[in-house]
Protein chains: 2
Amino acid sequence: MEKIRILIAEDHKLIRETWTFILNNDSRFSVVASCSDSGEAVEIAAVRKPEVVLMDINMMPLNGFEATAKLATVSPESKVIGLSFYSEMLFVKKMFSAGAKGYITKNSSREEMYEAILAVHAGGLFVCEEIRAQGFDITLPPVNEPANAFSLTNKEIQISQCIRQGLRSKEIADKLNISIKTVEAHRHNILRKLQVKNSISLVSLMNSKNGYVKYSF
Amino acid sequence: MEKIRILIAEDHKLIRETWTFILNNDSRFSVVASCSDSGEAVEIAAVRKPEVVLMDINMMPLNGFEATAKLATVSPESKVIGLSFYSEMLFVKKMFSAGAKGYITKNSSREEMYEAILAVHAGGLFVCEEIRAQGFDITLPPVNEPANAFSLTNKEIQISQCIRQGLRSKEIADKLNISIKTVEAHRHNILRKLQVKNSISLVSLMNSKNGYVKYSF
DNA sequence: GAGAATATAAGTGTAATCACCTAGTAAATA
DNA sequence: TATTTACTAGGTGATTACACTTATATTCTC
C-alpha cells in the first residue's frame, strides 16, 4: 500500500512540525514537504505533485483562497483540504468555490484529520463535524450568493484583515506595495459598504462571528 | 527514569490532541490530562499535581494569567509553560509575573517545546528563541513594572468599553458628562498601560474571547 | 499628615482617519 | 462593442486620534 503523499502549508512552525510528526508517524501517510506560506505551497505543489494539501487559511484567508485556485491549475491532481480556527461559513464556501475538496477546523479531532485526508484522496469531499452541525451540506451545488452592497471585493477583504491586525494605512500600503491613497480609497469603500462609521466599528463587526459572516463578503 | 507528568490546557481540540499524541509518543513524557479551558486546568492540577502544565493563553490571555497565578497556590509544584501565537512582551512579562516558568510561541520548533518542558521540570526558566531575539533576558530579575502598569481603573474600563462600541472621544465625553480632554487623557493611559499602539489593537485585545473587562486586567 | 493613586481638564503639536472628488487602466460581462 | 466592476492613485479639507506636559481636587493608604 502506497503512502498518501501530503504537503502541509501552515504558518506556525510548532503546529507544522507536530502535524508533520504525527502524519509521518502513521503508516498510511507521508509528508513530502511543508511550508509557512500558501503562495509557496503552490510552487511546491507544481513540482512535487502531492496527493493531498493541508492548507491553513487562518491568518490570511484571501491568500488561501487564491492559492487554492492556483493550485488547482498547476497541480489538478492535488486535493486541497482547508484548515482554519474558525468555522465561518463564508470561508468554507469560498474554499470550496476555489476548488478545495475538504475543510476542517482546529476544533476537529485528530481522527477527523485522518478521515479528511483519506476521503479526499479517494476522490470524495469532506467537511468536519463542527461545520456539518452548522448546516453545511456538501452534497448541495455551490450557491451563487447575490452580489449586494454588503459584499467586499478580494482587495477589500485583504485590507480589512490588515486593519483588523491594527496596521495603519501607511503600513498596509508598504505591505501590499500599493499607494497609501489606494489604501485610503479601499478603507473608505469598506466603511461605506458595511455601513460602519469608523475602523473600530469595522473591527468589532469582524470580530463578532455572526456579523463577520453576514456582512463581510 | 520516571516520565514527566504533563497537563495540557489548549482550547483547540486538534492542537490539543496532536500535542498529546507526540508527547505521549516520547518516552520522556506522559500527558496525564488535557482540557480546553484554563480555569478547568486549575481544578485538574489541584488533584493530579502534574509536574509541567502547558498553558495556551492565545484566545483568553487574561484567563491564562489568572489561572497561572491560582495554579501556583493550589499546586505550587507544577511548573507552568505559557504558550501563545504571539510574542507580545506584555503577555510574556505578565505570565512570568503570574508565576510561569517558561514561555514559548507557536513559531517555536518541536524541539524547543521539549527543551522547555525539560528545563522547567529541572527547576529552570525557559523562553523560546523568538522571544529571546526580542531582547527578553530570563536571567534578569523580574522588572518591577510600576504597580498598576497592566491594571485599568474603573473609569478606564468604562471608557475602553465605549471605545469598543465605536464611540468617538467627543461622544464618550457627552455620554459620561466629562470633558473631551479627560477622555483623551484616559485613552492615552489605556494604550500606555496595555502597551498597544492604537485603539484598533485595543479592541482586538478586548475581543480576544472573554475580553478583559471581567477581569479588570 | 505625607504620599500615592485617581479623576479631572487645560494647552500644543503631530499624525492618522475619513469624506469626497476626479481619473486612468485592466478585466470581466452584457 | 459598450458597459460595468475592480484596482489604482492623486488632491483637498475636516475631523479625530495620539503624544506629551502641566495642574487641581479628591480619596485612599501607609
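No experiment lies behind these values; they were computed from the predicted model shown. (Residues numbered from 1 in each chain as written. Chains lettered and ligands numbered in written order. Predicted model: local features only at pLDDT ≥ 70, side-chain atom pairs only at ≥ 80, totals over all residues. Heavy atoms only, no water.)

On a plain count of helices and strands, chain A comes out with 11 helices and 6 strands. The burial tally for chain A puts 53% of its 217 residues in the buried class. For chain A, long-range pairs separated by at least 24 residues make up 64% of all intrachain contacts whose partners lie at least 6 apart in sequence. For chain A, the accessible surface area stands at approximately 9,600 Å², while carbon and sulfur atoms represent 53% of it. (Helix = DSSP H or I, 4+ residues; strand = E, 2+ residues; numbered from the N terminus. Buried < 20%, exposed > 50% of the residue type's maximum accessible area, 1.4 Å probe, protein only. Contact = heavy atoms within 4.5 Å. Areas by Shrake-Rupley, 256 points an atom, 1.4 Å probe, with all protein chains shown as cover.)

Residue and element names in this part refer to chain B. One non-glycine residue, Lys49, lies in the positive phi region at around 50°. In this model, Gln195 sits at a positive phi of 55°, which is unusual for a non-glycine residue. Position of Gln195 relative to the elements: it lies in the loop between helix 9 (180-194) and helix 10 (199-207).

Near DNA strand D lie 17 residues; those nearest to it are A:Thr153, A:Ser179, A:Thr182, A:His186 and B:Ser199. By atom count, sugar and phosphate contribute 73% of the portion of DNA strand D lying within 4 Å of the protein. A:Thr153 is positioned with one of its side-chain polar atoms (N or O) 2.3 Å from a phosphate oxygen of DNA strand D. Residue A:Thr182 places a side-chain N or O atom 2.9 Å away from a phosphate oxygen belonging to DNA strand D. (Near = heavy atom within 4 Å. Polar contact = N/O pair within 3.5 Å; in protein donor to acceptor, adjacent residues only side chain to side chain.)

To continue, consider the sheet that holds strand 1 (residues 4-9) of chain A. Residue and element names in this part refer to chain A. Pairing within the open sheet is parallel, and its 6 strands lie in the order 2-1-3-4-5-6. Two strands bound the open sheet, and with one partner strand each, they are strand 2 (29-35) and strand 6 (126-127). Both strand 1 and strand 3 (residues 52-56) contribute to a ladder of 4 bridges, which runs parallel. Residue pairing across strands places Ile8 opposite Leu54, the latter belonging to strand 3. Sheet strands touched by helix 5 (residues 110-121): strand 1, strand 2, strand 3, strand 4 (79-84), strand 5 (102-105) and strand 6. Its angle to strand 3, the strand with the most contacts, is close to 130°. (Pairing = 2+ DSSP bridges. Axes fitted to C-alpha atoms, helices over the stretch in contact; angles between N-to-C directions.)

Turning next to the protein's contact with DNA strand C. Taken together, the neighbourhood of DNA strand C is formed by 17 residues, with A:Ser199, B:Thr153, B:Ser179, B:Lys181 and B:Thr182 sitting nearest. Each atom of DNA strand C within 4 Å of the protein was classed as base or backbone; sugar and phosphate made up 75%. A:Arg187 is positioned with one of its side-chain polar atoms (N or O) 3.2 Å from a phosphate oxygen of DNA strand C. Within the residue set of the surface near DNA strand C, elements represented by two or more residues are helix 9 (180-194) of chain A together with helix 7 (154-164) and helix 9 of chain B.

It is common to give the size of an interface as the accessible area that goes away when the parts come together. Residue-level contacts link 39 residues of chain A with 39 residues of chain B. Both faces combined, the contact of chain A with chain B buries some 3,100 Å², and carbon together with sulfur accounts for 60% of it. Taken together, the connections running from chain A to chain B amount to 2 salt bridges. Across the pair B:Lys197 and A:Glu171 runs a salt bridge, and its minimum N-O distance is 3.1 Å. Seen at the junction of chain A and chain B, the total is 13 residue pairs in polar contact (both at pLDDT 80 or more). Among the secondary structure elements, those contributing two or more residues to the side of chain A that touches chain B are helix 1 (13-24), strand 5, helix 5, helix 7 (154-164) and helix 10 (199-207) of chain A. The element best represented in the side of chain A that touches chain B is helix 1 of chain A, accounting for 8 residues. Counted by class, the side of chain A that touches chain B contains 15 nonpolar, 14 polar and 10 charged residues. (Buried area = accessible area lost by both parts, 1.4 Å probe. Salt bridge = Lys/Arg side-chain N within 4 Å of Asp/Glu carboxyl O. Nonpolar A, V, L, I, M, F, W, Y, C, P; charged D, E, K, R; others polar.)

Take the nonpolar core next. Counting 130 residues, the largest nonpolar core has A:Leu23, A:Ile117, B:Leu23 and B:Ile117 as the members making the most contacts within it. The contact partners of B:Leu23, leaving out residues within four places of it in the chain, are B:Ile6, B:Ile8, B:Phe29, B:Val31, B:Leu54, B:Met113, B:Tyr114 and B:Ile117. (Core = buried A, V, L, I, M, F, W, Y, C linked by side-chain atoms within 4.5 Å.)

Across the sheet, which stays open at both edges, the 6 strands sit in the order 2-1-3-4-5-6 (chain B) with parallel pairing between neighbours. Pairing within the sheet leaves two strands with one partner each, and these edge strands are strand 2 (29-35) and strand 6 (126-127) of chain B.

Attention now goes to the pattern of salt bridges. All names here are of chain A. Here the structure, examined in full by the defined rule, presents 19 salt bridges over all chains. The partner of Lys49 in a salt bridge is Glu77, with the nearest N and O atoms 3.9 Å apart. Of the two residues, Lys49 is situated in the loop between helix 2 (38-48) and strand 3 and Glu77 in the loop between helix 3 (61-74) and strand 4; the sequence distance between them amounts to 28 residues. Connected via shared salt-bridge partners are Glu10, Asp56 and Lys106.

Next up on the list: the environment of A:Ser30. All names here are of chain A. Residue position: Ser30 is located in strand 2. A sequence separation of 28 residues divides Ser30 from Glu2, and the C-alpha atoms of the two residues are 9.4 Å apart. In contact with Ser30, other than residues within four places in its own chain, are Lys3, Ile4, Arg5, Ile6 and Asn24.

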